[in-house]
Each structure stands twice: as C-alpha cells, then as structure tokens.
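Observations on the model geometry
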Amino acid sequence: MKKIILDCDPGHDDAMAILLAHGSPEIELVAITTVAGNQTLDKTSLNARRVCTVAGIRDVLVAAGCDRPLIRELKTAAYIHGESGLDGPSFGEPTVALDPRHAVDLIIELLMQSNGDITLVPTGPLTNIAMAVRKEPRIIQKAREIVLMGGAYTRGNTTPAAEFNIYVDPEAAAIVFTAGWPLTMVGLDLTHQALATPAVLQRIAALGTPVSRLAVQLMEFFRETYRRNSGFDSPPVHDPCAVARVIDPKVMHCVDAFVAIETHGEFTSGMTVTDFSGRLGPTNAQVATKLDVARFWDLMVDAIERIGAPAVRAS
Ligand code: RIB
Ligand code: CA
C-alpha cells in the first residue's frame with residue numbers, strides 16, 4: 001500500500017479524490033488536510049468532515065490548515081462549487097471531528113516520523129505545503145514524492161494563463177516547485193481528459209449505495225456549474241487524477257520538464273510556465289500529458305463500489 005496525505009479544498013472534485021483514496025486497496029489514506037481555496041477554510045474543512053461521514057472514513061486524521069494564501073487575498077470559487085463549497089447533496093451533521101493540530105504541523109509531524117514512505121497529494125492551493133516546507137525544510141527529503149493537481153502547460157481556467165490552485169497562491173506554488181523533491185504536476189491538460197460523462201454517471205449510479213448516490217449528486221451539480229461557466233458538456237474531474245497517478249502510475253503518461261511559476265505577470269500571474277526543451281532550466285517536474293481514461297474511471301468506480309461494501313475492502 002502507498003501512504004498518502006491528501007491536502008485539499010473540498011470542492012466537488014476533491015470529494016471524489018477522497019472517495020478514490022479511501023476506496024482503493026493500493027492506498028493508505030494517512031491524513032486529510034484542508035486549505036482555503038474553492039471556499040473558505042471553515043467550509044472546506046466542514047466539507048471534508050461531511051464526505052468522511054458519508055463514506056464511513058473514521059480512521060483518518062482530518063486537520064484544518066491555512067485560511068488564506070501566503071501573501072494575497074483569498075479568491076474562492078463559489079461559481080463552480082456553490083456557497084457551501086459542496087452544493088448539490090444535502091448532508092446531516094458530520095460525525096468525524098477535526099484533529100486539534102494545525103494541518104501544517106500535522107503534515108510535518110507525519111512526514112518527520114515516517115520512514116520516507118508518505119506521498120503528498122495536494123489538490124488545492126499549495127499554501128499548507130509551502131508553509132510546511134518553510135517551517136521544516138527537512139520534509140523535502142522525508143516525503144516520498146509530491147503529486148499535485150494544479151497548473152497546465154497549454155491553458156488556464158481562472159485566467160487564460162493560470163489554473164485555479166496555482167492562481168490562488170502563486171508564491172506558495174513557487175516554493176513547492178523549487179523545493180527540489182520528486183514532483184508530478186497533474187494539470188488541466190491531463191484532467192480535462194477525465195470527463196464525468198452521462199455513461200460514467202450511469203455506471204456509478206448503478207452501484208445503488210449511499211456513497212454512489214453522493215458521487216452522482218456531486219457530479220450532477222458540478223456538471224451544471226461547469227456547463228454554465230466553462231461550456232463543458234461533462235465536467236472534468238480534476239483532483240482524483242492526482243490520486244490515480246499514485247495508485248497506478250501507468251494510468252497517465254508524464255514527461256520531464258522545467259516548470260516555473262509566474263508570480264509577477266500583470267496578465268499571467270499563476271501561470272505554470274512549462275519548458276519541455278531544457279532551455280529555461282533543469283527538470284524539476286514530471287508533467288502529466290495523456291490519461292488512460294478507461295483505466296481512470298475503472299479505478300474511480302471500483303473505489304466507490306468498495307466503499308459501498310466495506311467488507312470487500314483489502315485489510
Ligand atoms: O482548477 C481545478 C482545481 O481547482 C481543482 O482542484 C478544483 O477543486 C479547484 O481546487
Ligand atoms: Ca481542489
């Protein structure tokens with residue numbers, strides 16, 4: 001099993017990443033840490049607890065982190081995720097509590113006490129990860145690797161140049177991309193191949209469990225906001241792509257590149273400037289380019305099925 005810390009801003013696709021991690025026998029979900037991004041920290045933290053409650057995730061530490069970017073004002077994405085950050089389904093009171101530790105301290109503690117076998121999987125702005133690197137630089141050597149959802153090499157989604165997670169906190173991203181650890185960037189070029197089509201939603205709905213119903217409700221809301229705001233017929237489900245890379249690296253093709261984060265551009269702030277030619281600098285990232293779409297959705301649907309029937313989960 002591969003141990004991961006999922007640092008996220010639930011968020012509809014973050015919620016799917018939590019389900020994929022929890023329902024995959026290849027993954028040991030050591031902790032879920034939350035950050036401000038899609039919505040404010042109080043909302044992303046409540047949403048993480050809500051998803052854990054519905055999915056029966058009880059043995060995973062959940063800790064709240066930074067409530068704003070390192071320098072800039074927080075920008076949220078209610079236009080995609082709604083006022084709650086997880087609009088669509090209705091939730092009861094969460095029965096999963098927050099760990100009292102700050103997420104940055106928990107990330108440091110877990111990595112420093114590990115034997116180097118924990119992968120960081122950020123799927124929101126990189127504020128928590130950057131703060132952890134600054135507070136305890138030794139985590140750069142202790143982390144097995146970092147596989148993040150963010151950036152892109154051909155497009156933006158928040159501006160023409162920048163993807164949301166990087167756009168919200170470019171300074172944090174610059175710290176993370178220059179830290180020197182093994183880094184995989186799963187950006188929009190890859191995640192726009194992971195579309196929750198009607199056929200995919202029918203596969204999930206056919207499982208007929210509370211968790212599959214949650215997933216379908218999340219994706220149906222996500223589809224409407226993505227249709228309204230970005231013209232997609234089916235929504236790209238970004239965050240579980242990063243988890244899928246950890247489960248099965250062969251699920252996507254990656255190419256070595258030099259990636260620099262633009263933090264000053266008047267129109268390009270938050271851009272992940274990606275150089276595959278070696279002219280700008282030495283390789284500091286593997287950049288995901290091509291998804292095995294069928295394999296990805298098999299991983300996602302199988303994970304949701306396993307959660308619905310805990311008895312079949314690997315020990
Ligand atoms: O740009 C997509 C990313 O921004 C996803 O992680 C989504 O959840 C938002 O955080
Ligand atoms: Ca996210």
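Before reading further, recall that the structure is shown in the block above.
Residues numbered from 1 in each chain as written. Chains lettered and ligands numbered in written order. Predicted model: local features only at pLDDT ≥ 70, side-chain atom pairs only at ≥ 80, totals over all residues. Heavy atoms only, no water.

Observations concerning the site of ligand 1
Taken together, Asp-9, Asp-13, Asp-14, Asn-38, Thr-123, Met-149, Asn-157, Glu-163, Phe-164, Asn-165, His-238 and Asp-239 form the complete shell of residues around ligand 1. The contact in question runs from an oxygen atom of ligand 1 to an N or O atom on the side chain of Asn-38, over 3.0 Å. One of the side-chain nitrogen or oxygen atoms of Asp-239 is found 2.5 Å away from an oxygen atom of ligand 1. Considered on its own, ligand 1 offers 270 Å² of accessible surface; in the complex 97% of this is hidden by protein. Listing elements by their share of the shell around ligand 1, those giving two or more residues are α1 (12–23) and α7 (164–168). Split into classes, the residues belonging to the shell around ligand 1 amount to 2 nonpolar, 5 polar and 5 charged. (Near = heavy atom within 4 Å. Polar contact = N/O pair within 3.5 Å; in protein donor to acceptor, adjacent residues only side chain to side chain. Areas by Shrake-Rupley, 256 points an atom, 1.4 Å probe, with all protein chains shown as cover. Helix = DSSP H or I, 4+ residues; strand = E, 2+ residues; numbered from the N terminus. Nonpolar A, V, L, I, M, F, W, Y, C, P; charged D, E, K, R; others polar.)

Quick notes on the packing of aromatic side chains
Per the stated rule, a full pass over the model turns up 4 aromatic pairs. On the numbers, 5.4 Å between centres and 85 degrees between planes, the contact of Tyr-226 with Phe-232 is edge-to-face. Ring centres of Phe-296 and Trp-297 lie 4.9 Å apart, and the angle between their planes is 75 degrees; this geometry places the pair in the edge-to-face category. What makes Trp-297 buried here is its relative accessible area of 3%. Three or more aromatic residues link up through ring pairs in this structure, and these residues are Phe-222, Tyr-226 and Phe-232. (Phe/Tyr/Trp six-rings, centres within 6.5 Å; stacked < 30°, edge-to-face > 60°. Buried < 20%, exposed > 50% of the residue type's maximum accessible area, 1.4 Å probe, protein only.)

Considering the coordination of the calcium ion (ligand 2)
Taken together, the protein donors to the calcium ion (ligand 2) comprise Asp-9 (OD), Asp-14 (OD), Asp-14 (OD), Thr-123 (O) and Asp-239 (OD), at separations of 2.2 to 2.6 Å. In primary-sequence terms, the residues that donate to the calcium ion (ligand 2) follow D-x4-D-x108-T-x115-D. Taken together, the positions of Asp-14 in helix α1 and Asp-239 in helix α12 (residues 239–247) put the pair 225 residues apart, joining distant regions of the chain. By the burial criterion, Asp-14 is buried, and Asp-239 matches it. (Donors = N, O, S within 2.8 Å, 3.2 Å for Na, K, Ca; no water.)

Description of the pattern of salt bridges
The tally for this structure, following the rule as stated, stands at 15 salt bridges. The partner of Glu-73 in a salt bridge is Arg-68, and the shortest N-O contact between them spans 3.8 Å. Note on Glu-73: relative accessible area 58%, which makes it exposed. The partner of Arg-223 in a salt bridge is Glu-224, and the shortest N-O contact between them spans 3.3 Å. On the basis of relative accessibility, which here comes to 33%, the residue Glu-224 falls in the partly exposed class. What emerges from the salt-bridge pattern is a single network uniting Asp-99, Arg-101 and Glu-109. (Salt bridge = Lys/Arg side-chain N within 4 Å of Asp/Glu carboxyl O.)

Coordinates in, geometry out; function isn't part of it.
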